[in-house]
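Okay, here's what each chain looks like letter by letter:
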Amino acid sequence: MEKEKIRNLEVCFSPANFPFYQNKEESIIVIVDILRATTAICTAFEHKVAKIIPVATLEETYKYKNSGFLIAGERDGKVIEGADFGNSPYNFMGNAVKNKTIVITTTNGTQAVEMAKNCLDIVIGSFLNLNALCEMLIKQNKDVLILCAGWKNRFNLEDSIFAGAVAEKLNNEANYSLNCDSAMASVDLWQIAKNNILDYIEKSSHRHRLKKLGLDDVLEYCFTPNITKTIPVFKENYFVEISKL
Ligand code: MLT
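The structure displayed is predicted, hence computed values, not measured ones.

## Quick look at the pairing of strand 7 (residues 121-125)
Looking down a regular strand, the side chains alternate between one sheet face and the other. Within strand 7, four of the five residues are buried, which leaves the element mostly enclosed by the surrounding structure. Taken together, the five bridges between strand 2 (residues 27-32) and strand 7 define a ladder with parallel strand orientation. Looking across to strand 7, one finds that Ile29 is bridged to Ile122.

This is the structure:
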């Protein structure tokens with residue numbers, strides 16, 4: 001019998017490091033921005049948004065606005081001028097998003113998408129779709145590269161512990177090896193955090209940034225696993241639910 005191929009899982013802690021990863025074309029890229037962009041995007045698809053168009057610059061965002069698109073956007077956590085929504089996952093619920101196309105720009109999440117957008121397979125991960133995401137990755141049986149959005153090209157804790165949750169699952173439940181130090185480190189962090197994530201996340205700088213802005217009402221929600229089975233996948237220049245491909 002042919003020996004089962006061992007797949008690789010790598011973790012990139014910052015978009016700035018992404019160009020140094022060699023295996024991008026053979027990998028499914030999982031973009032992660034737990035506080036709050038990828039949690040918001042998963043929420044939107046759970047609430048039946050039609051498409052999400054991620055854009056990196058304000059200039060491009062306002063071009064879409066002038067063409068009549070709904071826009072969601074934040075910089076440094078604060079809603080951008082003229083936006084229809086900010087970046088709270090609670091904005092992306094119900095009739096506000098159902099069957100709509102929404103353009104989104106954020107400080108880090110959509111910058112990570114920008115870095116990866118020429119790759120073949122890009123999906124969105126968050127605690128909200130953790131199990132569904134891992135099941136899909138295991139089924140696809142390709143290498144996986146988790147791209148943490150971080151904060152302005154710097155490491156952050158919340159994206160890294162999520163990477164650890166995925167890495168642990170794929171390592172324990174499937175034929176994934178963790179061949180990079182950042183994957184190992186993310187699993188170690190996840191081990192420390194997982195029994196009380198909300199306590200652990202008190203160490204996160206963005207958690208405190210959101211608190212100062214009065215925007216931390218979403219904290220518990222952002223760390224709640226498996227609220228949705230939706231998996232947003234990138235096609236051309238937008239995200240769509242994987243089942244709609
Ligand atoms: C981001 O993309 O930088 C974040 O989602 C920031 C936030 O809205 O909290």
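## A look at the packing of helix 5 (residues 157-173) against helix 6 (residues 181-193)
In helix packing, the relevant descriptors are the interaxial angle and the interaxial distance, both defined with respect to the helix axes. The geometry of helix 5 relative to helix 6 is characterised by a closest axis approach of 7 Å and an angle of 100° between their N-to-C directions. Here helix 5 is positioned roughly perpendicular relative to helix 6, judged by the angle of their axes. Within the contact between the two elements, helix 5 uses Leu157, Ser160, Ile161, Ala163, Gly164, Ala165, Ala167 and Glu168 and helix 6 uses Ser186, Val187, Leu189, Trp190, Gln191 and Ala193. Of the residues contributing to the contact of helix 5 with helix 6, the split by class is nine nonpolar, four polar and one charged.

## A closer look at the environment of Gln111
Relative to the elements of secondary structure, Gln111 occurs in helix 3 (residues 109-116). Taking the C-alpha atoms as reference, Gln111 lies 24 Å from Met136; in sequence the two are 25 residues apart. At a separation of 3.0 Å, a polar atom in the side chain of Gln111 contacts the main-chain carbonyl oxygen of Thr106.

Each value, and the rule that gives it
Here the residue index of a chain counts from 1 through its sequence in written order. Local features in this predicted model are restricted to residues whose pLDDT is 70 or higher, and side-chain atom pairs enter the listing and the counts only when it is 80 or higher, whereas totals over whole chains, interfaces and linings include all residues. To get the side-chain values, take all heavy atoms of the structure and skip hydrogens and water. Relative accessible area decides the class of each residue, using a 1.4 Å probe on protein chains only: under 20% of the type maximum gives buried, over 50% gives exposed, and in between gives partly exposed. Numbering of helices and strands runs from the N terminus, with a helix taken as a DSSP run of H or I at least four residues long and a strand as a DSSP run of E at least two residues long. The pairing criterion for strands is at least two bridges between them, as found by DSSP. Axis definition: a line fitted to C-alpha atoms, over the contacting stretch in the case of helices. Angles run 0 to 180 degrees between N-to-C directions. Put simply, angles under 35 degrees are roughly parallel, angles over 145 are roughly antiparallel, angles from 65 to 115 are roughly perpendicular, and the rest are oblique. Throughout, a residue-residue contact means that at least one pair of heavy atoms, one from each residue, lies within 4.5 Å. Note on residue classes: Ala, Val, Leu, Ile, Met, Phe, Trp, Tyr, Cys and Pro are nonpolar, Asp, Glu, Lys and Arg are charged, and everything else, Gly too, is polar. Think of a polar contact as two N or O atoms within 3.5 Å of one another; within protein, one of them needs to be a possible hydrogen donor and the other a possible acceptor, and neighboring residues in sequence only count if both atoms come from side chains.

These figures capture arrangement, not role.
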